[in-house]
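Structural overview
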Amino acid sequence: MPTSSITPVASAVPCPVVESLDAILPEEPLLMMGAGPVPIPAAVAKANTIVINHLGGTMVKVIGQVKTMARYVFQTNSKWVLGVAGPGSAAMEMAISNLAWEGTRVLSIKNGFFSERMAEMGRRVGARVSTLDVDDGAVASLEQVAEAIRRERPEIVTVVQGETSNTVWNYHLKDIAALAKAAGALVIIDAVCTLSTMPLEMDAWGIDAVITGGQKGLSSIPGVSLIAFSDAAWARVKGRTAPNAHWCLDASLAENFWHNAGYHYTAPVSGVLALHEALRLVCAETLEKRFARHLKCSLALQEGIAALGLNLYAPPACRLNSVVGIEVPKGLSPGDICGHISRQHQVEISGSFGLPIVRIGQMGEQCREHNLFRTLHALGRTMLDLGAAVDLPAGVAALEKSLSGGARVLAR
Ligand SMILES: *Cc1c(COP(=O)(O)O)cnc(C)c1O
C-alpha cells in the first residue's frame, strides 16, 4: 500500500489564535439604550437563528407577509415595498440612487448628520443637490421650505422625520410634503429612527419614498432594511434611461426577488425572518398603542432627566421622542459618561458625532418601564460617580410619577 503523499505544508499566513466570543462578550448582556441598535424581542432573536431556502415556497410566503405588514407600518397601499440587505443607509442609497441621477435637482432639508447623508448620496450620483441649512436644534419653517422650493425647483426633496443626531423632530413633515407635491417634486423621507414610534402616513401625506432600518423603532436586528416607493416614484424608477451604478441597490433588479419570487442576490434569510417577527409584533400591538407607549415612556424619561437636574438638548417644540438628547454637565465629556455607565452599570447609551450631548434611545423595546428605571438610575449614579451634582431620588420619583399618571390609585 502506498503511503499517503500528502505532506503538511505550513500555510504562508499562519493560523491565528483568537479569543472565543464567550471570552469577549460581557458576562451579562448590556442593556442597549443608545441610539440603536436596540434590544430585540425573543421571537425576533429566535427567527434570526433560522436559515431556509431563499427561493423556496416558505420564503415566498414570508416575503408576502413582510410586504403586507410593512404596508401597514408605512401606512401605504402602494405595491412597491422592498427589503434591502444592508443598514438603513443602504435603503437610503436605494431611494436616492434609483430616483436621482446625473443632473437631477435635489433639495435636501438639512438639519443634522443624517439629513446631510442624503445630500451626500445625491451628490455621489451626480445630482445637482442644494441644501436648506437649518440651525442645530431647529426645524425648517414652512416659509423657508416654500422659498427654497421656488428657488431651486427640485425634482426631489429629502427630509428626515427624526434627526437622531441632534434629537430634533421635523414636525412639519406633512406640510413640507404637500409643498413639494404642489411643486411637482417627489418626497423622500428618512424614517429610520421614527418608524413605528410616531405617526407617519405615507399615502395620506403624499410621500414618495420612505426608508427605515431594522435596528431602531422596529426592534429587529441591524442589517435588513425596508423601503417603500409610491406609484409615482416607481414610475420614475422604471422610466429612467441611465443605468443605476449600484447593482445591489437597483430597485428594478430587487423587484425580481421582492415581487417575482426570483433571484437578485441571496437574501439575508435569517434577517428577513427576524424582520417578519418584528413587524408581526408591531401589528399585534397596533400602531396606535405603540405610538402611545412610546410617547408615554419618552415623556416620563424626559421628566425624570429634568428632575435629576440635567438639561434636555432639543427645545420642547421640536424635541424628538424616539431619541432623547441630554446636555453633558460642565467638566465631563460624552465619552466619560458613556464609558462609565457601560462599565459600571451595564447600560449602553450614545454620544453624538461631536455634539456635547449623550443620547438615550426610546425606540421599540427600549420603551419598557423596567428599562427606563434601570437606565435613569444608571445615568444618575454615573453623574454622581463622575462628580456632577444630580438629584437621583427626585429623578426616579419623577419618572414613577409620570409613568403612573401623576397619582397612583391602589385597587381596593
Ligand atoms: C440610524 C439612522 C440612520 C442610519 O442607519 P444605519 O442603519 O446606521 O445605516 C439614518 N437616518 C436616521 C434618522 C437614523 O437614525
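Conventions and cut-offs
- Here the residue numbering is sequential within each chain, running from 1 through the sequence in written order.
- Side-chain atom pairs in this predicted model are given and counted only at pLDDT of 80 or more, local residue features only at pLDDT of at least 70, and totals for whole chains, interfaces and linings cover all residues.
- Calculation of side-chain values draws on the structure's entire complement of heavy atoms; hydrogens and water are dropped beforehand.
- Per the convention used, a helix needs a DSSP run of H or I reaching at least four residues, while a strand needs a run of E reaching at least two, with both numbered from the N terminus.
- Each radius of gyration is computed over the set of C-alpha atoms, and the globule rule expresses the reference value as 2.2 Å times the number of residues to the power 0.38.
- Partly exposed describes any residue whose relative accessible area lies between the buried limit of under 20% and the exposed limit of over 50%, with all areas from a 1.4 Å probe on protein chains only and scaled to the type maximum.
- What makes two residues a contact is simply this: any of their non-hydrogen atoms within 4.5 Å.
- Only four residue types enter the charge count, namely Lys and Arg as positive and Asp and Glu as negative; His and the chain termini do not.
- Taken as the charge centre is NZ of Lys, CZ of Arg, CG of Asp or CD of Glu, depending on the residue.
- The split of the chain into domains comes from an automatic or database domain assignment.
- Take the accessible area each of two parts loses on contact, using a 1.4 Å probe, and add the two losses: that sum is the buried area.
- Whenever Lys or Arg places a side-chain nitrogen within 4 Å of a carboxyl oxygen from Asp or Glu, that contact is recorded as a salt bridge.
- As used in this structure description, the phrase polar contact means that two N or O atoms lie within 3.5 Å; if the pair is within protein, one of them must be able to donate a hydrogen and the other to accept it, and residues adjacent in sequence are counted only when both atoms belong to side chains.
- Here a residue counts as near a molecule or strand whenever at least one of its heavy atoms sits within 4 Å of it.
- Each accessible area is a Shrake-Rupley result for a 1.4 Å probe, and residues are judged covered by the shown protein chains and nothing else.
- Each residue gets one label: Ala, Val, Leu, Ile, Met, Phe, Trp, Tyr, Cys and Pro are nonpolar, Asp, Glu, Lys and Arg are charged, and the others, such as Gly, are polar.
- UniProt positions are given in the numbering used here, feature names are shortened, and annotations may be inferred rather than shown by experiment.
- Each patch is built from residues lacking any salt bridge and having more than 30% relative accessible area; the joining distance is 9 Å for like charges and 5 Å for nonpolar side chains (Val, Leu, Ile, Met, Phe, Trp, Tyr).
- Should DSSP find at least two bridges between two strands, the strands are taken to pair.
- Lines fitted to C-alpha atoms define the axes, with helix axes restricted to the stretch in contact, and inter-axis angles between N-to-C directions lie between 0 and 180 degrees.

**So, the overall build of the protein chain**
Summing up its helical and strand segments, the protein chain has 14 helices and 13 strands in all. Radius of gyration (C-alpha) of the protein chain: 23 Å, near the 22 Å computed for a compact globule of 412 residues. Counting only C-alpha atoms and orienting by the principal axes, one finds that the protein chain spans roughly 85 × 65 × 50 Å. By residue count, 54% of the 412 residues in the protein chain fall in the buried class. Contacts in the protein chain between residues far apart in sequence, at least 24 positions, make up 73% of those at least 6 positions apart. Charge-centre separation for the protein chain: the mean point of 35 positive side chains lies 5 Å from the mean point of 36 negative side chains.

**Looking at the domain arrangement of the protein chain**
As far as domains go, the protein chain holds domain 1 (31-36 + 286-405) and domain 2 (42-284). The C-alpha-based centres of domain 1 and domain 2 are spaced at 28 Å. With 27 residues of domain 1 at the contact, the number on the domain 2 side is 32 residues. At the boundary of domain 1 with domain 2, total buried surface from both sides reaches about 2200 Å², with 63% on carbon and sulfur atoms. A per-residue breakdown of the area domain 1 buries against domain 2 is headed by Leu 287, Phe 291 and Leu 320, which together make up 25% of the total. The interface formed by domain 1 and domain 2 holds zero salt bridges in total. Inspection of the domain 1/domain 2 interface yields 12 residue pairs in polar contact (both at pLDDT 80 or more). Those elements giving two or more residues to the side of domain 1 that touches domain 2 turn out to be α11 (287-308), β11 (323-327) and β13 (357-361). At five residues, the largest contribution of residues to the side of domain 1 that touches domain 2 is made by α11.

**Section: the site of the ligand**
Taken together, 14 residues form the shell around the ligand, and within it Ser 89, Thr 164, Asp 190, Gln 215 and Lys 216 come nearest. Here an oxygen atom of the ligand and a backbone polar atom of Gly 88 are 2.8 Å apart. Taking Ser 89, its side chain carries an N or O atom lying 2.5 Å from an oxygen atom of the ligand. Isolated, the ligand exposes 380 Å² of accessible area, and the fraction of that covered by the protein chains is 89%. Elements that contribute at least two residues to the shell around the ligand include exactly α4 (88-99) and α5 (113-124). Here the shell around the ligand takes three residues from α4, the largest share from any one element. When grouped by side-chain class, the residues that make up the shell around the ligand number six nonpolar, five polar and three charged.

**Looking at the environment of Gly 88**
With respect to the helices and strands, Gly 88 occurs in helix α4. Each C-alpha atom of the pair Gly 88 and Ala 389 lies 38 Å from the other, and the pair is 301 residues apart in sequence. The contact partners of Gly 88, leaving out residues within four places of it in the chain, are Val 192, Ile 211, Thr 212, Gly 213 and Ser 225.

**Re the UniProt feature "domain: Aminotransferase class V" (unreviewed entry) in the protein chain**
Per the UniProt record, "domain: Aminotransferase class V" (unreviewed entry) is found at residues 52-349. Counting secondary structure, residues 52-349 comes out at 45% helix and 16% strand; the distance between its end C-alpha atoms is 35 Å.

**Points about a nonpolar patch on the surface**
A contiguous nonpolar patch, built from Leu 21, Ile 24 and Leu 25 and spanning about 320 Å² of accessible area, is present on the exposed surface. Here Leu 21 is to be found in helix α1 (residues 21-24). Under the relative-accessibility criterion, Leu 21 is labelled exposed at 58%.

**Let's talk about the sheet that holds strand β3 (residues 105-110)**
In spatial order, the strands read β2-β10-β9-β8-β5-β3-β4; together these seven strands make up an open sheet with mixed pairing. Edge positions in the open sheet fall to β2 (81-85) and β4 (128-133), since each of these has one partner strand only. If you compare each strand with its neighbour and ignore which way they point, the axes differ by 20° on average. Here strand β5 (residues 156-160) runs beside strand β8 (residues 186-190); their pairing, made up of five bridges, is parallel. Following the sheet pairing, Ile 156 is matched in β8 by Leu 186.

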